[in-house]
Amino acid sequence: MRPESESELAEIVAGLNEPVRVVGGGTRGVTGPDRMLSTEGLRGITLYEPGALTLVAQSGTPLAEIEAALEAEGQQLAFEPMDHRALLGSSGAPTIGGVVAANVSGPRRIQAGACRDFLLGVRFVDGQGQVIKNGGRVMKNVTGYDLVKLMAGSWGTLGVLTEMSLKVLPKPEANATLAVPAKDAATAVRVLSEALKSPFEVTGAAYYPQQRALIRIEGFAESVSYRSGRLQELLGQFGAVDPVEPSDALWQRVRDAADFADTPGDVWRISVKPGDASEIAARAEADRTLFDWGGGLIWALVPAGTDLRGRIGAFSGHATLVRAGADTLARLGRFQPEPQGIAALTQGIRQKFDPRGMFNPGLMG
């Protein structure tokens, strides 16, 4: 099913008699019922005001189309959404609705915020076929964020997004990346933490084990040059600090966890307190890891079928199974099981928005 308008989508949903799998471009590995409800027919930028730093688009609009429009005006989606295609071996074109539904946020999240932090308003169709809107189309008219925040990261389980309004930001004039030696994860986290707590506005902080800690700064060219020099002085205590070029390609590699693409095994995404990162990584005993967000995000590659949550044990955070075979996904679940109280709250919210259980059943527990 591929509706071409919001009203057609509402009519389809109202008439559903069996659950569906809600998808955009189909690039992010959503599993569920064989019957699909695609938002790809809902496409187009409906409002773009560069001076107001606001863009409104229908959910099926390809992300590439939005990024091209922003690039022409020297602007960007500051939350730097990941492209899952290489990691998951998927095809198609990522859509802005998929980005919002999964709250997809890249390395710059540590400084700019997540996708949900740039979401000003949404329109969506709930499980009974009703059209609901919340928030606003431009920043000055925003009157409520409750449902806006709730829909970001709901993975299509509460409703089918039809339109979203986003705050955009100017694209930095220049960027620079510094590489700092780090013999182990604990040292790397100290390096990244030192950089992040400095006044030099770090917008990327990652670590490839047994290699180097990576720190990115962005902004006006003169400012980047100054801050880069000061950071080299600050981090010199850890060893020789070297500039890295080209910076853009490197951070795209970090953003997309590209080193795990075309490599056998399951891929997990672990959100954790940065101070716990080295301990959690040691418990994971992964074949390969990548730290992002100053240690707050760990990508881990493990043998197929591994119960990584069981390996790690109890910790403050959550582990998401991003890539695995169907049997492993069915056995372990994609998302971290919720405590009983939170699970009851989650089910209560889903019951309100989708009382018949039509959207992505089983995806989030």
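Check the entry above for the structure.
The rules behind these values
- Residues numbered from 1 in each chain as written.
- Predicted model: local features only at pLDDT ≥ 70, side-chain atom pairs only at ≥ 80, totals over all residues.
- Heavy atoms only, no water.
- Helix = DSSP H or I, 4+ residues; strand = E, 2+ residues; numbered from the N terminus.
- Buried < 20%, exposed > 50% of the residue type's maximum accessible area, 1.4 Å probe, protein only.
- Polar contact = N/O pair within 3.5 Å; in protein donor to acceptor, adjacent residues only side chain to side chain.
- Expected span 1.5 Å × (residues − 1).
- Contact = heavy atoms within 4.5 Å.
- Core = buried A, V, L, I, M, F, W, Y, C linked by side-chain atoms within 4.5 Å.
- Phe/Tyr/Trp six-rings, centres within 6.5 Å; stacked < 30°, edge-to-face > 60°.
- Lys NZ or Arg CZ within 6 Å of the ring centre and 35° of its normal.
- Pairing = 2+ DSSP bridges.
- Axes fitted to C-alpha atoms, helices over the stretch in contact; angles between N-to-C directions.
- Salt bridge = Lys/Arg side-chain N within 4 Å of Asp/Glu carboxyl O.

1. What to know about the side chain of threonine 54
Tracing the sequence through the fold places threonine 54 in strand β4 (residues 54-58). Judged by relative accessible area, threonine 54 falls into the buried class, the value being 1%. Among the polar contacts made by the side chain of threonine 54, one reaches the main-chain carbonyl oxygen of alanine 52 at a distance of 2.9 Å.

2. Quick notes on helix α8 (residues 221-235)
Over its 15 residues, α8 runs 21 Å from end to end, which matches the ideal 21 Å to within 8%, given 1.5 Å per residue. The inward-facing, buried residues of α8 abut β10 (174-181), α7 (185-196), β11 (202-208) and β12 (212-219).

3. Quick look at the nonpolar core
Leu77, Ile96 and Trp299 are the most contacted members of the largest nonpolar core, which totals 51 residues. The dominant element in this core, judged by the number of residues it contributes, is helix α4 (residues 96-101), at 4 residues. Those residues in contact with tryptophan 299, other than ones at most four positions away along the chain, are Met82, Leu87, Ala257, Phe260, Val267, Trp268, Arg269, Arg288, Thr289, Leu290 and Val322. Within the second largest apolar cluster, 40 residues are counted, among which are Ala185, Leu192, Phe315 and Leu321.

4. Regarding the packing of aromatic side chains
The tally for this structure, following the rule as stated, stands at 4 aromatic pairs. The interplanar angle of 45° and the centroid separation of 5.7 Å between the aromatic rings of phenylalanine 79 and phenylalanine 118 together place this pair among those described as tilted. In this pair, phenylalanine 79 is assigned in the loop between β5 (75-76) and α3 (85-88) and phenylalanine 118 in the loop between α5 (109-112) and β6 (119-125), connecting sequence segments 39 residues apart. Judged by its relative accessible area of 4%, phenylalanine 118 falls in the buried class. Between the aromatic rings of tryptophan 155 and phenylalanine 335, the centroid separation amounts to 5.5 Å while the plane-to-plane angle is 65°, which identifies the pairing as edge-to-face. Residue tryptophan 155 is located in the loop between α6 (146-151) and β8 (160-167), and its partner phenylalanine 335 is located in the loop between α12 (326-332) and α13 (340-353); the two are separated by 180 residues in the primary sequence. The same class applies to tryptophan 155 and to phenylalanine 335, which are both buried. Across the ring face of tryptophan 293, the terminal group of arginine 109 is positioned such that the distance to the ring centre comes to 4.7 Å. The ring of tryptophan 251 carries arginine 216 above its face, with NZ or CZ at 4.9 Å from the centroid.

5. Here's the deal with the pairing of β4
Counting buried residues in β4 gives 4 out of 5 residues, a clear majority hidden from the surface. Inspection of the sheet shows strand β3 (residues 45-49) paired to β4 by 4 bridges, in the antiparallel sense. The partner of tyrosine 48 across the bridge, within β4, is leucine 55. Hairpin remark: β3 followed by β4, antiparallel, with 4 residues in the connecting loop; positive phi at leucine 53, about 55°.

6. Digging into the sheet that holds β4
Read across the open sheet, the 5 strands follow the order β3-β4-β8-β6-β7; overall the sheet is antiparallel. Of all the strands in the sheet, the pair left with one neighbour each is β3 and β7 (131-135). Strand-to-strand twist of the sheet, defined as the mean angle between neighbouring strand axes without regard to direction, takes the value 10°.

7. Focus on the pattern of salt bridges
Opposite charge on two side chains permits them to pair, given that their charged atoms come into close proximity. Tallying each qualifying case throughout the model produces 16 salt bridges. Residue arginine 108 pairs with glutamate 218 through a salt bridge whose shortest N-O separation is 2.9 Å. Of the two residues, arginine 108 sits in the loop between α4 and α5 while glutamate 218 sits in strand β12, which places them 110 residues apart along the sequence. Judged by its relative accessible area of 7%, arginine 108 is buried. In this structure, the salt-bridge partner of glutamate 279 is arginine 283, at a minimum N-O distance of 2.7 Å. Of this pair, glutamate 279 and arginine 283 both sit in helix α10 (residues 277-284), 4 residues apart, which is roughly one turn of the helix. Residue class for glutamate 279 comes out partly exposed when judged on its relative accessible area of 44%. A relative accessible area of 28% means that arginine 283 is categorised as partly exposed. Each of Glu80, Arg108, Arg216 and Glu218 takes part in one network of salt bridges that share partners.

8. A short note on the environment of arginine 109
Within the element layout of this structure, arginine 109 appears in helix α5. Note on arginine 109: relative accessible area 33%, which makes it partly exposed. Note: C-alpha distance between arginine 109 and alanine 78 (31 residues apart in sequence) is 8.1 Å. In contact with arginine 109, not counting residues within four places along its chain, are Ala114 and Trp293.

Note that all results are geometric; they support no functional claim without further evidence.
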